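What the coordinates show
Read off the chains here:
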Amino acid sequence: MSAPHMARKVLIIYGALMLLTLGLTYLVSLGDTRTLREVGIWVKPMKFMAATVLFAWTTVWLAQLCAPPVSQSQPFAWIAALLILTSLFEVTYITYQAALGAGSHYNNSDPLHAFMFGLMGLAAVGLTATQGWLAWVIWKTHGPQPMSLLTLGVVTGLST
């Protein structure tokens, strides 16, 4: 099976693995009373893990809902790859910093942490861009055919 045909399945599996990671992190958090800014250190990684699950699965669902051929296209494979790389970087770094009891966001304590915070911002832009790109691919796939109101709503929502 080629990469474009695998992208949908890979995103679903990625979301499931992130959900499993969320569950395991929750179990770890039960025995760790450390806090950062008066919040348990594992809260931020768990929020990002949950958001990543929803983001990955919603991307697959919207592509399937609006234009099933999109989820088997080469552009969708690239969208999936960018989504996975950027979100995995974010979750990994945030979790690593939490394990150290240190903040990941707005951490300018030294040049390395300032650089990593900037890299996280760049990853967030890439992650967000996947949805505008998905909207464009759905739009282009429909061509001159009229779009359903649902598809038009999804394309508009993803591109704004």
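Report follows, based on the coordinates.

Thresholds applied
Residues numbered from 1 in each chain as written. Predicted model: local features only at pLDDT ≥ 70, side-chain atom pairs only at ≥ 80, totals over all residues. Heavy atoms only, no water. Helix = DSSP H or I, 4+ residues; strand = E, 2+ residues; numbered from the N terminus. Buried < 20%, exposed > 50% of the residue type's maximum accessible area, 1.4 Å probe, protein only. Contact = heavy atoms within 4.5 Å. Areas by Shrake-Rupley, 256 points an atom, 1.4 Å probe, with all protein chains shown as cover. Lys, Arg positive; Asp, Glu negative; His and termini not counted. Charge placed at Lys NZ, Arg CZ, Asp CG, Glu CD. Salt bridge = Lys/Arg side-chain N within 4 Å of Asp/Glu carboxyl O. Axes fitted to C-alpha atoms, helices over the stretch in contact; angles between N-to-C directions. Left-handed = near helix turned anticlockwise from the far one by under 90°. Nonpolar A, V, L, I, M, F, W, Y, C, P; charged D, E, K, R; others polar. Core = buried A, V, L, I, M, F, W, Y, C linked by side-chain atoms within 4.5 Å. 1 Å grid on protein atoms, 1.4 Å probe; cavity = no way out; pocket = protein on both sides within 12 Å on 5 of 7 lines; lining within 4 Å. Points joined across faces, edges and corners; volume = space filled by probe spheres on them. Expected span 1.5 Å × (residues − 1). Polar contact = N/O pair within 3.5 Å; in protein donor to acceptor, adjacent residues only side chain to side chain.

With that out of the way, let us pick up the overall build of the protein chain. For the protein chain, the count of helices and strands is five helices and two strands. Taken along its principal axes, the extent of the C-alpha atoms in the protein chain is 55 × 30 × 30 Å. Relative to its full complement of 160 residues, the protein chain shows a buried share of 40%. A separation of at least 24 residues holds for 73% of the contacts in the protein chain among residues at least 6 apart in sequence. For the protein chain, the exposed area adds up to about 9000 Å²; of that, 74% sits on carbon and sulfur atoms. Seen as two clouds, the 7 positive and the 4 negative side-chain charges of the protein chain have centres 17 Å apart.

Take the pattern of salt bridges next. Applying the stated criterion to the full structure yields one salt bridge. With a closest N to O distance of 2.8 Å, Arg34 and Asp32 form a salt bridge. With relative accessibility at 35%, the residue Arg34 sits in the partly exposed group.

It is worth spelling out the side chain of Ser73 at this point. With respect to the element layout, Ser73 can be found in the loop between helix H2 (43-66) and helix H3 (74-99). Residue contacts for Ser73: discarding those within four places in its chain leaves Pro4 and Val137.

As a further point, take the packing of helix H4 (residues 111-142) against helix H5 (residues 149-159). To characterise two packed helices, one gives the angle between the axes of the helices and the distance between these axes. Two elements in contact, H4 and H5, have axes separated by 7 Å at closest approach and are oriented at 145°. Relative to H5, H4 is oriented so that their crossing is left-handed. Here H4 contributes Gln131, Gly132, Leu134, Ala135, Ile138, Trp139 and His142 to the contact with H5, which in turn contributes Thr151, Leu152, Val155, Leu158 and Ser159. In terms of residue class, the contact of H4 with H5 is built from seven nonpolar, five polar and no charged.

If you look at the biggest cluster of nonpolar residues, it comprises 34 residues, and the most contacted ones within it are Leu11, Val70, Phe76, Leu134, Ile138 and Leu158. At the level of elements, helix H1 (3-30), H2, H3, H4 and H5 are the ones that each hand at least two residues to this core.

With respect to the helices and strands, Thr86 occurs in helix H3. Residue class for Thr86 comes out buried when judged on its relative accessible area of 9%. With 42 residues separating them in the primary sequence, Thr86 and Thr128 have C-alpha atoms 9.5 Å apart. Excluding residues within four positions of it along the chain, Thr86 makes contact with Ala123, Gly126 and Leu127.

Right, let's talk about the layout of surface pockets for a bit. For the largest pocket, the calculated volume is near 210 Å³. Together, 17 residues line the largest pocket, and Leu36, Arg37, Gly40, Ile41 and Lys44 are the ones closest to its centre. For the lining of the largest pocket, the elements supplying multiple residues, two or more each, are strand E2 (39-40), H2 and H3. Here the lining of the largest pocket is built from residues that sort into eight nonpolar, six polar and three charged.

Moving on: H4. Note: α-helices contain 3.6 residues per turn, so residues at a spacing of three or four share the same orientation. A rise of 1.5 Å per residue sets the reference length of H4, with its 32 residues, at 46 Å; its end C-alpha atoms lie 47 Å apart and thus fit the reference within 8%. Capping the start of H4 is the job of one residue whose side-chain oxygen sits 3.0 Å from the backbone nitrogen of Leu112: Asp110. Immediately beyond the C-terminal end of H4, within one or two residues, lies Gly143, with a positive phi of roughly 55°.

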